[in-house]
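Each chain, letter by letter, is given below.
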Amino acid sequence: MRPLVVITLLGLSIVGCAERPWHGIVRSPADPAPALILAGAADRPVTRLRLDSLRGEVVVLYFGYTHCPDVCPTTLADWARAKRALGADTTGIRWIFVSVDPTRDLPAEAHGYARQFDPAFTGTAPTDAELKRLLTDWAIAAYPEGDPRTPDYTVAHPAHTFVVDADGRFRLMIPPGVRADDLADDLRRLR
Amino acid sequence: MTSRTICAACASGLLLLSGACGGSEQGSSQESADDGAATVSVTTATGLAAVEPWARPADAGKNTAVYLQLENTLPDGDSLIGVRSEGAERAALHESVMEGATMRMRPMIGVALPSGGRIAFRPMGPHVMLLRLRDPLVPGDTVEVTFDFASGRSLAVRAGVRTP
């Protein structure tokens, strides 16, 4: 075989082996996901959440708030579309909305909000103390803007959807605006 | 103010208006790309036009967003200086902005609308925020918002509520 042909075939085989790119941002190294434990308090009937109890499932996470008029509902509507794109078999994937607005959102309210987009979605809300801890553990920012003593403050919150794989590793960050079909494609590969 | 609300089915100008904005969508989500077929009314008044207004469903007491495109077909420019709605305790012009990895909203004040220009309110961008809805908005409802301009003109728009 002539050398040029060999080199060409070698090149094609390398291209053929290249991994298909992900649509989300791949975290490298994919460290174990930080802890996320919401146990609530006596005055806050809770949708309890322990992320480490969900090993074996891909967990799709978003940190938002139920008074969010634009970005959160756009994201959750995109989730719902991605879930539909995955077809009838959506086992192995958990979709969890976590409020970062404990002043206004009780866990049950966050849960009802998430379920408006798809009945399979789960929502919950931390206590103040739990929120403080999860912001530190996940190295994310969320804070009220405007006067939180008034009803019309807004909340700055993480922009990305976070994806934890079935082994509990924090694998992907999905930027806002990623198409629902592309989110579904990434999740299909992780499941 | 004279204003007319025209159903899409009978608005002869709708196709032209819709066509004019076909290339302008910078929607960051698939959702905005899907907007085209659905909504439903165009309101015109003294050279201002609202194209494809729609609102998200939301519970009473919560906030929601209205999206549309505003066009100015007059020879003079104008500025959008406010918005109001009977459907909510308060209405405001806001813009979602991503700063680093954090999503924030900031108020928009005095948005310029030059002659022949257009403002696109779209998901994950500029939007009309309705705060503390008086009644729940469910698909099939409509909600009216009125835009106020520096020239003294106003534009009333009725947005259909729908699940994107």
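Residues numbered from 1 in each chain as written. Chains lettered and ligands numbered in written order. Predicted model: local features only at pLDDT ≥ 70, side-chain atom pairs only at ≥ 80, totals over all residues. Heavy atoms only, no water.

1. Focus on the interface of chain A and chain B
Part 1: Facing 33 residues of chain A, the contacting portion of chain B comprises 31 residues.
Part 2: Across the contact surface, chain A and chain B share 5 salt bridges.
Part 3: Notably, a salt bridge pairs Asp105 of chain A with Lys62 of chain B, separated by 4.0 Å at the nearest N-O pair.
Part 4: Scanning the region where chain A abuts chain B turns up 14 residue pairs in polar contact (both at pLDDT 80 or more).
Part 5: Looking at the side of chain A that touches chain B, the elements that each hand over two or more residues are helix H2 (71-85), helix H3 (107-117), strand E7 (143-145), strand E8 (154-158) and helix H5 (180-190) of chain A.
Part 6: For the side of chain A that touches chain B, the leading source of residues is H2 of chain A, giving 7 residues.
Part 7: Class assignment for the residues of the side of chain A that touches chain B results in 15 nonpolar, 9 polar and 9 charged.
Part 8: When E8 of chain A meets strand E7 (residues 102-107) of chain B, the two strands line up antiparallel, connected through 2 bridges. For His157 of chain A, the partnering residue across the bridge sits in E7 of chain B and is Met103 of chain B. (Contact = heavy atoms within 4.5 Å. Salt bridge = Lys/Arg side-chain N within 4 Å of Asp/Glu carboxyl O. Polar contact = N/O pair within 3.5 Å; in protein donor to acceptor, adjacent residues only side chain to side chain. Helix = DSSP H or I, 4+ residues; strand = E, 2+ residues; numbered from the N terminus. Nonpolar A, V, L, I, M, F, W, Y, C, P; charged D, E, K, R; others polar. Pairing = 2+ DSSP bridges.)

2. A word on the sheet that holds strand E5 (residues 93-99) of chain A
All names here are of chain A.
Part 1: Within the open sheet, the 6 strands sit side by side as E1-E10-E9-E4-E5-E6. Their pairing is mixed. A single partner strand is all that each edge strand has here, and the edge strands are strand E1 (25-26) and strand E6 (122-124).
Part 2: Of the strand pairs in this sheet, strand E4 (residues 58-64) and strand E9 (residues 161-164) are connected by 3 bridges, and their pairing is antiparallel. Paired with Leu61 across the bridge in E9 is Phe162.
Part 3: Across the sheet, H2 lies against E4, E5 and E9, angled at about 160° from E4, the strand it touches most. (Axes fitted to C-alpha atoms, helices over the stretch in contact; angles between N-to-C directions.)

3. Considerations on the pairing of strand E4 (residues 64-72) of chain B
Residues and elements named next belong to chain B.
Part 1: Summarising burial for E4: 9 of the 9 residues are buried, a large majority.
Part 2: Neither face of E4 is open: one carries Thr64, Val66, Leu68, Leu70 and Asn72, the other Ala65, Tyr67, Gln69 and Glu71, and all of them are buried.
Part 3: Pairing geometry for strand E3 (residues 48-55) and E4, over 6 bridges, is antiparallel. Note that in E4 the partner of Ala49 across the bridge is Glu71.
Part 4: Inspection of the sheet shows E4 paired to strand E10 (residues 126-133) by 3 bridges, in the antiparallel sense. Considered in E10, the bridge of Ala65 is made with Met129.
Part 5: As paired strands, E4 and strand E9 (residues 118-121) are joined by 4 bridges and run antiparallel to one another. Within E9, the residue paired with Leu70 across the bridge is Ile119. (Buried < 20%, exposed > 50% of the residue type's maximum accessible area, 1.4 Å probe, protein only.)

4. As for the packing of H2 of chain A against H5 of chain A
Residues and elements named next belong to chain A.
Part 1: At a minimum axis separation of 8 Å, H2 and H5 run at an interaxial angle of 55°. Relative to H5, H2 is oriented oblique. H5 is crossed by H2, and the crossing has right-handed handedness. Residues Asp78, Trp79, Arg81, Ala82 and Ala85 of H2 lie in contact with H5, whose contacting residues are Ala180, Asp181, Leu183, Ala184 and Arg188.
Part 2: Among the residues forming the contact of H2 with H5, the class breakdown is 6 nonpolar, no polar and 4 charged. (Parallel < 35°, antiparallel > 145°, perpendicular 65-115°, else oblique. Left-handed = near helix turned anticlockwise from the far one by under 90°.)

5. What about the confidence of the model for chain B?
Residues and elements named next belong to chain B.
Part 1: Per-residue pLDDT for chain B has a mean of 79; in total, 73% of the residues score no lower than 70.
Part 2: Across chain B, the secondary-structure element scoring lowest on mean pLDDT is helix H1 (residues 14-20), at 29, and the one scoring highest is E10, at 98.
Part 3: Reported confidences for the modelled complex are a pTM of 0.83 and an ipTM of 0.85. (pLDDT = per-residue confidence, 0-100.)

6. Quick word on the environment of Gly117 of chain B
Residue and element names in this part refer to chain B.
Part 1: Along the polypeptide, Gly117 turns up in the loop between strand E8 (111-113) and E9.
Part 2: When its relative accessible area of 11% is taken as the criterion, Gly117 is described as buried.
Part 3: With 16 residues separating them in the primary sequence, Gly117 and Ala101 have C-alpha atoms 32 Å apart.

7. Describing the nonpolar core
Part 1: With 61 residues, the main nonpolar core has Leu36, Phe63, Leu134 and Trp138 of chain A as its most contacted residues.
Part 2: What Leu36 of chain A contacts, discounting residues up to four positions off in sequence, is Leu49, Arg50, Leu51, Leu61, Phe63, Val98, Leu134 and Trp138 of chain A.
Part 3: Formed by 29 residues, the second largest nonpolar core is a distinct cluster that contains Leu70, Val128, Leu155 and Val161 of chain B. (Core = buried A, V, L, I, M, F, W, Y, C linked by side-chain atoms within 4.5 Å.)

8. Looking at the side chain of Thr66 of chain A
Part 1: Summarising the element assignment, Thr66 of chain A is placed in the loop between E4 and H2.
Part 2: Here Asp105 of chain A takes part through its side chain, which lies 2.6 Å from a polar atom of the side chain of Thr66 of chain A.

9. A look at helix H4 (residues 128-138) of chain A
All names here are of chain A.
Part 1: Those residues of H4 lying buried are Glu130, Leu131, Leu134, Leu135 and Trp138. End-on view of H4: buried residues confined to an arc of 135°, all on one side of the axis. Of the exposed residues in H4, those oriented more than 90 degrees away from the buried face are Asp128, Ala129, Lys132, Arg133 and Thr136.
Part 2: In the core, the buried residues of H4 are packed alongside strand E2 (37-38), E4, E5, E9 and strand E10 (170-174). (Arc of directions from axis to C-beta.)

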